[in-house]
Amino acid sequence: MNADKTITVTFDKDNVHSVLIDLPTMKYYPSISDAYLDASVPTVIKAWGTDITDSLILNKDLAVTIRGGYNSEYTSNSGTTTIHGTVTVKKGSLTVEHLIVQ
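Just so you know, these numbers come straight off a predicted model, no measurement behind them.

Peer 1: How would you sum up the overall build of the protein? Please name residues and give values.
Peer 2: The helix and strand inventory of the protein stands at one helix and ten strands. Going residue by residue from the N terminus, the α and β elements of the protein occur as β-β-α-β-β-β-β-β-β-β-β. Relative to the compact-globule value of 13 Å for 102 residues, the protein shows a C-alpha radius of gyration of 17 Å, a clear excess of over 25%. For the protein, the spread of C-alpha atoms along the three principal axes comes to 65 × 30 × 25 Å. The buried share among the 102 residues of the protein stands at 32%. Counting only contacts in the protein whose residues sit at least 6 apart along the sequence, the fraction spanning at least 24 positions is 45%. Summed over its atoms, the accessible surface of the protein is roughly 6,500 Å², and 52% of this surface lies on carbon and sulfur atoms. Within the protein, the 11 negative side-chain charges are centred at a point lying 6 Å from the centre of the 8 positive side-chain charges.

Peer 1: Give a description of the pairing of strand S6 (residues 63-70) that names residues and reports values.
Peer 2: In terms of residue burial, S6 counts as a mostly covered element, since six of its eight residues are buried. Sheet topology note: the strand S3 (residues 43-48)/S6 ladder contains five bridges and is parallel. What sits directly across from Ile45, in S6, is Ile66. Here five bridges tie S6 to strand S9 (residues 93-97), and the two strands are oriented parallel to one another.

Peer 1: Hey, could you go over the packing of aromatic side chains for me, with residue numbers and the actual values?
Peer 2: All chains considered together, the criterion is met by three aromatic pairs. Here Tyr28 and Tyr74 contribute two aromatic rings whose centre-to-centre distance is 6.1 Å and whose plane-to-plane angle is 45°, an arrangement assigned as tilted. Of this pair, Tyr28 sits in strand S2 (residues 27-29) while Tyr74 sits in the loop between S6 and strand S7 (81-84), and the two are 46 residues apart along the sequence. Since its relative accessible area comes to 35%, Tyr28 is described here as partly exposed. Take Tyr74: its relative accessible area is 11%, and that puts it in the buried class. Within the aromatic cluster, the residues linked to one another by ring pairs are Tyr28, Trp48, Tyr70 and Tyr74. A cation sits over an aromatic face here: Lys60 above Tyr36, 5.3 Å from the ring centre.

Peer 1: Account for the nonpolar core, naming residues and giving values.
Peer 2: Among the nonpolar cores identified, the biggest contains 17 residues, and Val19, Ile32, Ala35, Ile45, Leu56, Val64 and Ile66 are the most heavily contacted of them. Those elements that place two or more of their residues in this core are strand S1 (19-21), helix H1 (32-38), S3, strand S5 (56-58) and S6. Considering every element that reaches this core, the biggest residue donor is H1, with three residues.

Here is what the cut-offs are and how they apply
Residues numbered from 1 in each chain as written. Predicted model: local features only at pLDDT ≥ 70, side-chain atom pairs only at ≥ 80, totals over all residues. Heavy atoms only, no water. Helix = DSSP H or I, 4+ residues; strand = E, 2+ residues; numbered from the N terminus. Rg over C-alpha atoms; globule rule 2.2 N^0.38 Å. Buried < 20%, exposed > 50% of the residue type's maximum accessible area, 1.4 Å probe, protein only. Contact = heavy atoms within 4.5 Å. Areas by Shrake-Rupley, 256 points an atom, 1.4 Å probe, with all protein chains shown as cover. Lys, Arg positive; Asp, Glu negative; His and termini not counted. Charge placed at Lys NZ, Arg CZ, Asp CG, Glu CD. Pairing = 2+ DSSP bridges. Phe/Tyr/Trp six-rings, centres within 6.5 Å; stacked < 30°, edge-to-face > 60°. Lys NZ or Arg CZ within 6 Å of the ring centre and 35° of its normal. Core = buried A, V, L, I, M, F, W, Y, C linked by side-chain atoms within 4.5 Å.

Okay, structure coming up:
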């Protein structure tokens, strides 16, 4: 290059795979609420270590665990997930790990 050039770059955030339930079968979700709504058995919901805007209302008679802080391959959860919103438990139980609610 011997002159100034202009470029345009677009970065798309992958929200489709930011939440995972791996039992009874592996399935990805764009939000923790979507994963919870699909759950029909006691469930572990795994979330990427990122900021998520979500308001959860847990109203099923299920034991749910939310594990945050995962890397994009879901092989380690040494970080934290921050939910910007609310978490309300009306029914069932909730256990959390590496999760911040603001």
